[in-house]
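Structural features, examined
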Amino acid sequence: MAALSSPLRVCRGILKELRAIQGPSYKQSLAYNYVMDQFRKNEVTGERYCRAQQEALHASHTYLCLLTSTRSHLVLHNLYHGKGERSPEEVASLVGLRLPTQPGGKGWEK
């Protein structure tokens, strides 16, 4: 298994994603209260190896990955989602190309 981030870093990452989704009033949400309660409940104990804490850390890391991936998916979806029929010039510029022009001026090019 790959080395996981520290619990504090994961908690901050989850709270950052909640802030991005819900705005400045994220501290009043049920999700914020649940995340903070879970992190407080699974703090490091005096035991040498706490399996429940490792499982909770892995679950929180997975949840952070889900939130980050969902946010980046929505950004990409809004950027590239079809907005109806596009002109060939707009499609070419979307992928970083330009359409060739007809030399000599045949009258059909713009």
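Residues numbered from 1 in each chain as written. Predicted model: local features only at pLDDT ≥ 70, side-chain atom pairs only at ≥ 80, totals over all residues. Heavy atoms only, no water.

**Notes on the packing of aromatic side chains**
Spelled out, the test is: Two aromatic rings from Phe, Tyr or Trp, using only the six-membered ring of Trp, form a pair when their centres are within 6.5 Å; if the ring planes differ by under 30 degrees the pair is stacked, by over 60 it is edge-to-face, and anything between is tilted. For every residue, the accessible area obtained with a 1.4 Å probe (protein chains only) is divided by the maximum for its type, and the residue is called buried under 20%, exposed over 50%, and partly exposed between those limits.
For the structure shown, the criterion picks out one aromatic pair. Taken together, a centroid distance of 5.6 Å and an interplanar angle of 85° make the contact between Tyr26 and Tyr32 edge-to-face. Tyr32 shares its class with Tyr26; the two are buried.

**Description of the side chain of Glu17**
Let me state the cut-off plainly: The helix count covers DSSP runs of H or I at least four residues long, the strand count covers runs of E at least two residues long, and both are numbered beginning at the N terminus. What makes two residues a contact is simply this: any of their non-hydrogen atoms within 4.5 Å.
Following the sequence through the fold, Glu17 ends up in helix H1 (residues 7-22). The exposure class assigned to Glu17 is buried, which follows from its relative accessible area of 3%. When neighbours within four sequence positions are excluded, Glu17 is seen to be in contact with Leu64, Leu67, Thr68 and Arg71.

**Regarding the pattern of salt bridges**
Filter applied, for reference: Counted as salt bridges are all cases of a side-chain nitrogen of Lys or Arg within 4 Å of a carboxyl oxygen of Asp or Glu.
If you walk through the whole model with that rule in mind, you get one salt bridge. Glu17 is the salt-bridge partner of Arg71, the closest N and O atoms lying 2.7 Å from each other. Of this pair, Arg71 sits in helix H3 (residues 51-80) while Glu17 is found in helix H1, placing the two residues 54 residues apart along the sequence.

**Quick word on the confidence of the model for the protein**
Caution applies to low-pLDDT parts of the model: their predicted coordinates are not meant to be read in detail. Heads up, the rule is: On a scale of 0 to 100, pLDDT captures the predictor's confidence in every residue.
Taken as a whole, the protein shows an average pLDDT of 81; of its residues, 82% reach a score of 70 or greater. Per-element confidence in the protein is highest for H1, whose mean pLDDT is 89, and lowest for helix H4 (residues 88-94), whose mean pLDDT is 86.

**Observations regarding H1**
Applied cut-off: By definition here, a helix of n residues has an expected span of 1.5 Å times n minus one.
Along its 16 residues, H1 runs 22 Å from first to last C-alpha, staying within 8% of the 22 Å computed at 1.5 Å per residue. Taken as a whole, H1 has its buried residues at Val10, Cys11, Gly13, Ile14, Leu15, Glu17 and Leu18. Directly beyond the C-terminal end of H1, a positive phi value near 85° is found at Gly23.

**Notes on the nonpolar core**
Within soluble globular proteins, side chains that are nonpolar tend to cluster in buried spots. The condition that has to hold: In this description, a nonpolar core means a group of buried Ala, Val, Leu, Ile, Met, Phe, Trp, Tyr and Cys residues linked to one another through side-chain atoms lying within 4.5 Å.
In this structure, Val10, Ile14, Leu15, Leu18, Val35 and Phe39 are the most contacted members of the largest nonpolar core, which totals 13 residues. Elements represented by at least two residues in this core include exactly H1, helix H2 (30-41) and H3. Per element, the largest residue contribution to this core is five residues, and it comes from H1. Sequence-distant contacts of Ile14, defined by excluding residues within four places in its chain, comprise Val35, Phe39, Ser60, Tyr63, Leu64 and Leu67.

**Observations regarding the environment of Leu99**
Summarising the element assignment, Leu99 is placed in the segment after H4. Considering only alpha carbons, one finds Leu99 and Pro88, 11 residues apart in sequence, at a separation of 8.0 Å. Excluding residues within four positions of it along the chain, Leu99 makes contact with Pro88, Glu89 and Ala92.

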